[in-house]
Amino acid sequence: AGPVARGAAQKRKLLIARAPGMGGPVTIRLKNLPVGVSAPAEATIPDGQNEVLVDVTAAADARVGEAAITAVATAKVKEKTVTIESVPAMLVVAMQ
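Predicted model only: the values in this text are computed from it and were never measured.

A.B. asks: What is the right way to look at the pairing of strand β6 (residues 51-58) in this model?
C.D. replies: Burial of the side chains of β6 is restricted to one face: V52, V54, V56 and A58 are buried, whereas none of E51, L53, D55 and T57 on the reverse face is. Across eight bridges, strand β2 (residues 8-15) lies against β6 in antiparallel orientation. From the neighbouring strand, K11 faces β6, where its bridge partner is D55. The pairing of strand β4 (residues 37-38) with β6 spans two bridges and is classified as antiparallel. Along β6, the bridge assignment pairs S38 with T57.

A.B. asks: Before we go on, may I ask you to explain the pattern of salt bridges in this structure?
C.D. replies: Pairing is possible between side chains that carry opposite charge, provided their charged atoms lie close to one another. Under the defined criterion, the tally for this structure stands at three salt bridges. Between K13 and E51 there is a salt bridge, with the nearest N and O atoms lying 3.7 Å from each other. Note that K13 is positioned in strand β2 and E51 in strand β6, a separation of 38 residues in sequence. Owing to a relative accessible area of 48%, K13 belongs among the partly exposed residues under this scheme. Using a relative accessible area of 38% as the deciding quantity, one classes E51 as partly exposed. Its salt-bridge partner being E85, residue K31 comes within 2.9 Å of it at the nearest N-O pair. Remark: E85 occurs in strand β8 (residues 80-85) and K31 occurs in strand β3 (residues 26-31); sequence separation between them is 54 residues. A relative accessible area of 42% places E85 in the partly exposed class.

A.B. asks: Mind showing me how you'd approach the sheet that holds β6 here?
C.D. replies: Taken in spatial order, the three strands make up an open sheet running β2-β6-β4, and their pairing is antiparallel. Edge positions in the sheet fall to β2 and β4, since each of these pairs with one other strand and no more.

A.B. asks: For this particular structure, what's the right way to read the pairing of strand β7 (residues 65-77)?
C.D. replies: Residues in a regular strand project their side chains so that they alternate between the two faces of the sheet. Looking at chain direction, β3 and β7 are connected through six bridges and run antiparallel. Within β7, the residue paired with R29 across the bridge is V72. Examined bridge by bridge, β7 and strand β9 (residues 89-94) share five bridges and lie antiparallel to one another. Residue pairing for β9: A68 is matched across the bridge by M90. Bridge count for β7 against β8 is six bridges, and the pairing is antiparallel. Bridge pairing in β8 places T74 opposite T83.

Reading the values: the criteria
Residues numbered from 1 in each chain as written. Predicted model: local features only at pLDDT ≥ 70, side-chain atom pairs only at ≥ 80, totals over all residues. Heavy atoms only, no water. Buried < 20%, exposed > 50% of the residue type's maximum accessible area, 1.4 Å probe, protein only. Helix = DSSP H or I, 4+ residues; strand = E, 2+ residues; numbered from the N terminus. Pairing = 2+ DSSP bridges. Salt bridge = Lys/Arg side-chain N within 4 Å of Asp/Glu carboxyl O.

So, to be careful, I would describe these as geometric facts and stop short of saying anything about function.
See the structure below:
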């Protein structure tokens, strides 16, 4: 997806790669969002699916520029809670 404009929201697709045999829901939260940018506290990818759409919203006064954000995924694997952090991805906030 392209830049998020100040004062607007944009749907972003979060994808996971499940290990063979890994079932159950996966909870994802975004980390290191820039000042003035928000997203839901967490989103859940249901069992049997590999993606979820989340709204990323830039306030009218959000800082313009690039920010390296990460996604943190948490799931139960064999009764153990496992948390994995993605590699950074660039989020760009642009003027309207």
